[in-house]
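# Summary of structural features
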Amino acid sequence: MTIDPHDGLLAIDTHVDIPWPDGPSPFTDGPRCVDLPKLKAGRVAAVCFAAYIPQGPRDAAGNLAAHERACQMLDAIAAMAPRDNSGGVLTTTADAIEAAFAKGRPGIIPAIENGYALGRDLGALDAFAARGVRYITLTHNGHNDLADAAIPRRDLDDAETEHGGLSELGRAAIQRMNALGILVDVSHAAKSTMLQAAELSRTPVVATHSCMRTLCDHPRNLDDFQLDTLRDTGGLVQITAMPPFLRARGRSDTVGVSDFVDHIDYVVRRIGIAHCGISSDFDGGGAITGWRHAGESGNMTAELVRRGYGNEDIAALWGGNFLRLMRKAEEYARK
Ligand SMILES: [Zn+2]
(Lines give C-alpha, C1' and ligand atoms only; values in the text may rest on other atoms or scores of the structure.)
Protein backbone atom coordinates (compact mmCIF):
# COMPACT_ATOMS: atom_id res chain seq x y z
CA MET A 1 0.00 0.00 0.00
CA THR A 2 1.40 3.42 -0.92
CA ILE A 3 0.88 6.39 1.35
CA ASP A 4 -0.55 9.50 -0.30
CA PRO A 5 1.88 12.32 0.62
CA HIS A 6 -1.01 14.81 0.61
CA ASP A 7 -2.64 12.91 3.49
CA GLY A 8 -2.05 14.52 6.85
CA LEU A 9 -0.67 17.67 5.25
CA LEU A 10 -1.75 21.01 6.69
CA ALA A 11 -2.27 22.72 3.32
CA ILE A 12 -3.06 26.44 3.23
CA ASP A 13 -4.03 28.31 0.08
CA THR A 14 -3.11 31.94 0.77
CA HIS A 15 -5.22 33.71 -1.84
CA VAL A 16 -8.76 32.95 -3.02
CA ASP A 17 -11.61 35.30 -4.01
CA ILE A 18 -15.13 34.94 -2.62
CA PRO A 19 -18.58 34.53 -4.19
CA TRP A 20 -19.71 38.14 -4.64
CA PRO A 21 -22.21 39.73 -4.51
CA ASP A 22 -24.71 36.95 -5.26
CA GLY A 23 -22.43 34.10 -6.28
CA PRO A 24 -23.24 30.43 -5.83
CA SER A 25 -23.29 29.06 -2.31
CA PRO A 26 -19.87 28.16 -0.87
CA PHE A 27 -21.52 25.23 0.95
CA THR A 28 -22.37 23.13 -2.10
CA ASP A 29 -20.20 21.74 -4.89
CA GLY A 30 -20.92 24.31 -7.59
CA PRO A 31 -19.30 26.13 -10.50
CA ARG A 32 -16.66 27.94 -8.44
CA CYS A 33 -13.07 26.72 -8.05
CA VAL A 34 -13.40 26.85 -4.26
CA ASP A 35 -16.31 25.76 -2.11
CA LEU A 36 -16.36 23.76 1.10
CA PRO A 37 -16.95 20.36 -0.58
CA LYS A 38 -13.99 20.95 -2.93
CA LEU A 39 -11.77 21.97 -0.01
CA LYS A 40 -12.66 18.69 1.68
CA ALA A 41 -12.10 16.68 -1.50
CA GLY A 42 -8.74 18.37 -2.11
CA ARG A 43 -7.79 18.12 1.57
CA VAL A 44 -7.05 21.83 1.82
CA ALA A 45 -6.87 22.69 5.52
CA ALA A 46 -7.34 26.45 5.36
CA VAL A 47 -7.82 29.27 2.88
CA CYS A 48 -7.17 33.00 3.03
CA PHE A 49 -10.33 34.48 1.51
CA ALA A 50 -9.73 37.99 0.22
CA ALA A 51 -12.22 40.83 0.33
CA TYR A 52 -11.14 42.23 -3.05
CA ILE A 53 -11.63 45.95 -3.57
CA PRO A 54 -10.96 47.20 -7.11
CA GLN A 55 -9.25 50.58 -7.14
CA GLY A 56 -11.65 53.46 -7.69
CA PRO A 57 -11.73 57.22 -7.21
CA ARG A 58 -9.91 58.41 -4.08
CA ASP A 59 -12.45 60.99 -3.00
CA ALA A 60 -14.75 60.83 0.05
CA ALA A 61 -17.48 58.93 -1.82
CA GLY A 62 -15.01 56.48 -3.36
CA ASN A 63 -13.29 55.82 -0.04
CA LEU A 64 -16.62 55.26 1.70
CA ALA A 65 -17.82 52.84 -0.99
CA ALA A 66 -14.55 50.89 -0.78
CA HIS A 67 -14.80 50.64 3.00
CA GLU A 68 -18.42 49.52 2.88
CA ARG A 69 -17.69 46.91 0.26
CA ALA A 70 -14.80 45.57 2.37
CA CYS A 71 -17.07 45.27 5.42
CA GLN A 72 -19.80 43.48 3.45
CA MET A 73 -17.27 41.09 1.93
CA LEU A 74 -15.81 40.35 5.38
CA ASP A 75 -19.36 39.54 6.52
CA ALA A 76 -19.68 37.13 3.58
CA ILE A 77 -16.35 35.51 4.49
CA ALA A 78 -17.41 35.12 8.13
CA ALA A 79 -20.69 33.55 6.94
CA MET A 80 -18.68 30.62 5.53
CA ALA A 81 -18.13 29.67 9.18
CA PRO A 82 -21.67 29.49 10.63
CA ARG A 83 -22.17 28.93 14.35
CA ASP A 84 -24.00 25.65 13.79
CA ASN A 85 -20.71 24.02 12.72
CA SER A 86 -22.10 23.17 9.28
CA GLY A 87 -19.29 24.91 7.39
CA GLY A 88 -15.78 26.13 8.00
CA VAL A 89 -14.24 27.59 11.13
CA LEU A 90 -13.18 31.22 11.32
CA THR A 91 -9.47 30.80 12.04
CA THR A 92 -7.67 34.03 12.82
CA THR A 93 -4.57 32.66 14.55
CA ALA A 94 -2.00 30.03 13.62
CA ASP A 95 -3.10 27.96 16.64
CA ALA A 96 -6.74 28.14 15.53
CA ILE A 97 -5.79 26.90 12.04
CA GLU A 98 -3.98 23.91 13.57
CA ALA A 99 -6.90 23.20 15.91
CA ALA A 100 -9.44 23.27 13.06
CA PHE A 101 -7.18 21.02 10.99
CA ALA A 102 -6.97 18.53 13.87
CA LYS A 103 -10.79 18.38 13.85
CA GLY A 104 -10.95 18.03 10.06
CA ARG A 105 -12.72 21.38 9.63
CA PRO A 106 -11.73 23.88 6.91
CA GLY A 107 -10.15 27.06 8.29
CA ILE A 108 -11.44 30.37 6.95
CA ILE A 109 -8.83 33.14 7.19
CA PRO A 110 -10.13 36.66 6.36
CA ALA A 111 -7.96 39.02 4.32
CA ILE A 112 -8.33 42.28 2.40
CA GLU A 113 -6.95 42.86 -1.09
CA ASN A 114 -6.27 46.59 -1.49
CA GLY A 115 -5.47 49.08 1.25
CA TYR A 116 -7.97 51.35 -0.51
CA ALA A 117 -10.44 49.70 1.89
CA LEU A 118 -9.21 51.99 4.68
CA GLY A 119 -9.21 55.16 2.60
CA ARG A 120 -7.23 57.64 4.70
CA ASP A 121 -8.52 56.31 8.04
CA LEU A 122 -5.92 54.32 9.98
CA GLY A 123 -8.58 53.59 12.62
CA ALA A 124 -10.22 51.28 10.09
CA LEU A 125 -7.25 48.94 10.59
CA ASP A 126 -8.31 48.33 14.20
CA ALA A 127 -11.83 47.48 13.04
CA PHE A 128 -10.48 45.11 10.37
CA ALA A 129 -8.22 43.42 12.93
CA ALA A 130 -11.22 42.98 15.22
CA ARG A 131 -12.97 41.17 12.35
CA GLY A 132 -10.02 38.79 12.15
CA VAL A 133 -8.29 40.16 9.04
CA ARG A 134 -4.85 38.57 8.88
CA TYR A 135 -3.33 40.28 5.88
CA ILE A 136 -3.93 43.37 3.81
CA THR A 137 -2.57 43.70 0.28
CA LEU A 138 -1.23 47.25 0.19
CA THR A 139 -2.52 47.99 -3.34
CA HIS A 140 -4.39 46.35 -6.18
CA ASN A 141 -3.85 47.52 -9.76
CA GLY A 142 -3.70 51.32 -9.53
CA HIS A 143 -1.99 53.54 -6.98
CA ASN A 144 -3.86 54.33 -3.76
CA ASP A 145 -3.28 56.70 -0.84
CA LEU A 146 -0.92 54.20 0.80
CA ALA A 147 1.43 53.26 -2.01
CA ASP A 148 2.30 52.85 -5.68
CA ALA A 149 1.11 49.73 -7.47
CA ALA A 150 3.09 47.54 -9.89
CA ILE A 151 0.45 48.21 -12.54
CA PRO A 152 -1.06 51.73 -12.65
CA ARG A 153 -4.64 52.23 -13.76
CA ARG A 154 -4.75 54.22 -17.00
CA ASP A 155 -8.16 55.63 -16.16
CA LEU A 156 -7.10 56.79 -12.68
CA ASP A 157 -3.33 57.32 -12.61
CA ASP A 158 -1.29 59.97 -14.40
CA ALA A 159 2.12 58.40 -13.92
CA GLU A 160 4.05 55.20 -13.33
CA THR A 161 4.81 56.42 -9.82
CA GLU A 162 2.98 58.77 -7.51
CA HIS A 163 4.57 58.37 -4.08
CA GLY A 164 7.94 56.88 -5.03
CA GLY A 165 6.80 53.71 -3.22
CA LEU A 166 5.06 54.15 0.14
CA SER A 167 3.35 57.41 1.11
CA GLU A 168 3.61 58.78 4.65
CA LEU A 169 0.15 57.33 5.27
CA GLY A 170 1.31 53.98 3.89
CA ARG A 171 4.25 53.95 6.31
CA ALA A 172 1.95 54.72 9.23
CA ALA A 173 -0.45 52.00 8.05
CA ILE A 174 2.33 49.40 8.09
CA GLN A 175 3.31 50.38 11.64
CA ARG A 176 -0.31 50.05 12.75
CA MET A 177 -0.69 46.70 10.92
CA ASN A 178 2.41 45.45 12.75
CA ALA A 179 0.95 46.53 16.09
CA LEU A 180 -2.32 44.73 15.26
CA GLY A 181 -0.72 41.52 13.97
CA ILE A 182 -1.92 42.03 10.39
CA LEU A 183 0.57 40.76 7.81
CA VAL A 184 1.69 43.16 5.07
CA ASP A 185 0.97 41.67 1.64
CA VAL A 186 3.21 43.08 -1.11
CA SER A 187 1.64 41.33 -4.10
CA HIS A 188 0.42 43.97 -6.60
CA ALA A 189 2.77 46.56 -5.06
CA ALA A 190 5.36 48.43 -7.13
CA LYS A 191 8.93 47.24 -6.67
CA SER A 192 9.73 50.45 -4.76
CA THR A 193 6.73 49.90 -2.47
CA MET A 194 7.62 46.27 -1.90
CA LEU A 195 11.27 46.98 -1.02
CA GLN A 196 10.36 49.84 1.32
CA ALA A 197 7.65 47.75 3.01
CA ALA A 198 10.04 44.84 3.56
CA GLU A 199 12.57 47.17 5.19
CA LEU A 200 10.04 49.11 7.28
CA SER A 201 7.81 46.31 8.54
CA ARG A 202 8.78 44.96 11.95
CA THR A 203 7.47 41.51 10.98
CA PRO A 204 8.27 39.76 7.68
CA VAL A 205 6.17 40.69 4.63
CA VAL A 206 4.48 38.17 2.34
CA ALA A 207 3.64 38.27 -1.34
CA THR A 208 0.49 36.16 -1.12
CA HIS A 209 0.11 35.61 -4.88
CA SER A 210 3.08 36.40 -7.14
CA CYS A 211 5.54 34.56 -9.39
CA MET A 212 9.12 34.92 -10.62
CA ARG A 213 10.10 37.63 -13.09
CA THR A 214 13.24 35.78 -14.22
CA LEU A 215 11.04 32.95 -15.50
CA CYS A 216 8.17 35.12 -16.75
CA ASP A 217 8.65 38.85 -17.36
CA HIS A 218 5.33 40.12 -16.04
CA PRO A 219 5.11 43.38 -14.03
CA ARG A 220 3.21 41.54 -11.23
CA ASN A 221 6.16 39.18 -10.67
CA LEU A 222 9.12 39.60 -8.30
CA ASP A 223 12.68 39.98 -9.60
CA ASP A 224 15.86 38.54 -8.07
CA PHE A 225 16.63 41.63 -6.02
CA GLN A 226 13.15 41.48 -4.48
CA LEU A 227 13.65 37.78 -3.76
CA ASP A 228 16.95 38.45 -2.02
CA THR A 229 15.24 41.14 0.04
CA LEU A 230 12.60 38.63 1.13
CA ARG A 231 15.36 36.25 2.18
CA ASP A 232 17.20 38.99 4.12
CA THR A 233 14.05 40.13 5.93
CA GLY A 234 12.57 36.68 6.60
CA GLY A 235 9.72 37.18 4.13
CA LEU A 236 7.79 34.83 1.90
CA VAL A 237 6.52 34.56 -1.67
CA GLN A 238 3.52 32.37 -2.42
CA ILE A 239 3.70 31.22 -6.05
CA THR A 240 0.28 31.50 -7.65
CA ALA A 241 -1.69 29.63 -10.34
CA MET A 242 -2.24 32.65 -12.60
CA PRO A 243 -1.25 31.39 -16.09
CA PRO A 244 0.20 34.66 -17.49
CA PHE A 245 2.38 35.05 -14.38
CA LEU A 246 3.78 31.53 -14.83
CA ARG A 247 4.50 31.65 -18.54
CA ALA A 248 4.35 34.52 -21.08
CA ARG A 249 0.87 34.64 -22.65
CA GLY A 250 0.04 31.49 -20.69
CA ARG A 251 -3.51 30.18 -20.52
CA SER A 252 -5.06 27.67 -18.16
CA ASP A 253 -4.97 25.02 -20.90
CA THR A 254 -1.30 25.63 -21.79
CA VAL A 255 0.18 26.07 -18.30
CA GLY A 256 0.24 23.30 -15.69
CA VAL A 257 1.49 22.25 -12.28
CA SER A 258 4.93 21.53 -13.74
CA ASP A 259 5.28 25.22 -14.74
CA PHE A 260 4.11 26.17 -11.24
CA VAL A 261 6.74 24.00 -9.57
CA ASP A 262 9.41 25.48 -11.89
CA HIS A 263 8.78 28.78 -10.09
CA ILE A 264 8.94 27.07 -6.69
CA ASP A 265 12.24 25.41 -7.68
CA TYR A 266 13.62 28.79 -8.68
CA VAL A 267 12.77 30.43 -5.35
CA VAL A 268 14.04 27.46 -3.35
CA ARG A 269 17.38 27.39 -5.20
CA ARG A 270 17.93 31.12 -4.88
CA ILE A 271 16.73 31.97 -1.36
CA GLY A 272 15.77 28.69 0.32
CA ILE A 273 12.66 26.67 1.07
CA ALA A 274 11.74 28.79 4.12
CA HIS A 275 10.74 31.67 1.85
CA CYS A 276 8.30 30.01 -0.55
CA GLY A 277 4.72 28.80 -0.55
CA ILE A 278 1.60 28.05 -2.59
CA SER A 279 -1.51 30.00 -3.56
CA SER A 280 -4.11 29.57 -6.28
CA ASP A 281 -5.87 32.92 -6.85
CA PHE A 282 -8.86 30.66 -7.55
CA ASP A 283 -12.04 32.50 -8.48
CA GLY A 284 -9.87 35.55 -9.19
CA GLY A 285 -8.42 34.28 -12.48
CA GLY A 286 -6.15 31.52 -11.20
CA ALA A 287 -6.46 27.97 -12.61
CA ILE A 288 -3.93 25.79 -14.44
CA THR A 289 -3.97 22.35 -16.00
CA GLY A 290 -3.88 19.85 -13.14
CA TRP A 291 -4.97 22.45 -10.58
CA ARG A 292 -8.23 23.87 -11.92
CA HIS A 293 -10.03 23.83 -8.58
CA ALA A 294 -9.39 23.12 -4.90
CA GLY A 295 -10.40 19.48 -5.32
CA GLU A 296 -7.28 18.88 -7.42
CA SER A 297 -4.80 20.15 -4.82
CA GLY A 298 -3.25 16.71 -4.40
CA ASN A 299 -1.79 17.05 -7.90
CA MET A 300 0.45 19.87 -6.69
CA THR A 301 1.78 17.66 -3.92
CA ALA A 302 2.33 14.80 -6.37
CA GLU A 303 4.40 17.08 -8.62
CA LEU A 304 6.48 18.25 -5.63
CA VAL A 305 7.16 14.60 -4.74
CA ARG A 306 8.11 13.89 -8.37
CA ARG A 307 10.65 16.77 -8.18
CA GLY A 308 12.25 15.24 -5.11
CA TYR A 309 10.81 17.33 -2.30
CA GLY A 310 10.55 15.44 0.99
CA ASN A 311 7.66 15.50 3.45
CA GLU A 312 9.10 18.30 5.59
CA ASP A 313 9.78 20.46 2.54
CA ILE A 314 6.27 19.92 1.23
CA ALA A 315 4.75 20.75 4.61
CA ALA A 316 6.77 24.00 4.72
CA LEU A 317 5.69 24.99 1.20
CA TRP A 318 2.03 24.11 1.70
CA GLY A 319 1.51 25.99 4.95
CA GLY A 320 4.35 25.72 7.48
CA ASN A 321 6.08 28.84 6.22
CA PHE A 322 2.89 30.88 6.20
CA LEU A 323 2.02 29.74 9.74
CA ARG A 324 5.50 30.84 10.84
CA LEU A 325 4.85 34.34 9.48
CA MET A 326 1.43 34.46 11.14
CA ARG A 327 3.00 33.52 14.47
CA LYS A 328 5.69 36.21 14.12
CA ALA A 329 2.99 38.80 13.48
CA GLU A 330 0.96 37.53 16.45
CA GLU A 331 4.00 37.61 18.75
CA TYR A 332 4.88 41.16 17.73
CA ALA A 333 1.30 42.33 18.31
CA ARG A 334 1.29 40.82 21.81
CA LYS A 335 4.40 42.80 22.85
ZN1 LIG B 1 -4.63 39.89 -6.80
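Below is a short write-up of the structure. What you see is a predicted model, and the numbers here were worked out from it, not measured in a lab.

Thresholds, definitions, all that
- Residues numbered from 1 in each chain as written.
- Predicted model: local features only at pLDDT ≥ 70, side-chain atom pairs only at ≥ 80, totals over all residues.
- Heavy atoms only, no water.
- Phe/Tyr/Trp six-rings, centres within 6.5 Å; stacked < 30°, edge-to-face > 60°.
- Helix = DSSP H or I, 4+ residues; strand = E, 2+ residues; numbered from the N terminus.
- Buried < 20%, exposed > 50% of the residue type's maximum accessible area, 1.4 Å probe, protein only.

Turning our eyes to something else, we now look at the packing of aromatic side chains. The way to describe two aromatic rings as a pair is by their centre distance and the angle between their planes. In this structure the tally under the stated criterion is three aromatic pairs. Judged by centre distance (5.7 Å) and plane angle (90 degrees), the rings of Phe 260 and Trp 291 are edge-to-face. Of the two residues, Phe 260 is situated in helix α9 (residues 257-271) and Trp 291 in the loop between β9 (276-279) and α10 (297-306); the sequence distance between them amounts to 31 residues. Grouping residues by exposure puts Phe 260 and Trp 291 together as buried. Note on Phe 282 and Trp 291: the rings are 5.0 Å apart at their centroids and 65 degrees apart in plane angle, and the pair reads as edge-to-face. For the pair Phe 282 and Trp 291, one class covers both residues: buried. Among the aromatic residues, those joined into a cluster by ring pairs are Phe 260, Phe 282, Trp 291 and Trp 318.

In this structure, Pro 21 follows Trp 20 across a cis peptide bond, with omega equal to -5 degrees. Residue placement: Pro 21 occurs in the loop between β1 (12-17) and α1 (36-41). In this structure, His 188 is a non-glycine residue whose phi angle is positive, near 75 degrees. Checked against the element boundaries, His 188 lands in the loop between β6 (183-185) and α6 (191-200).

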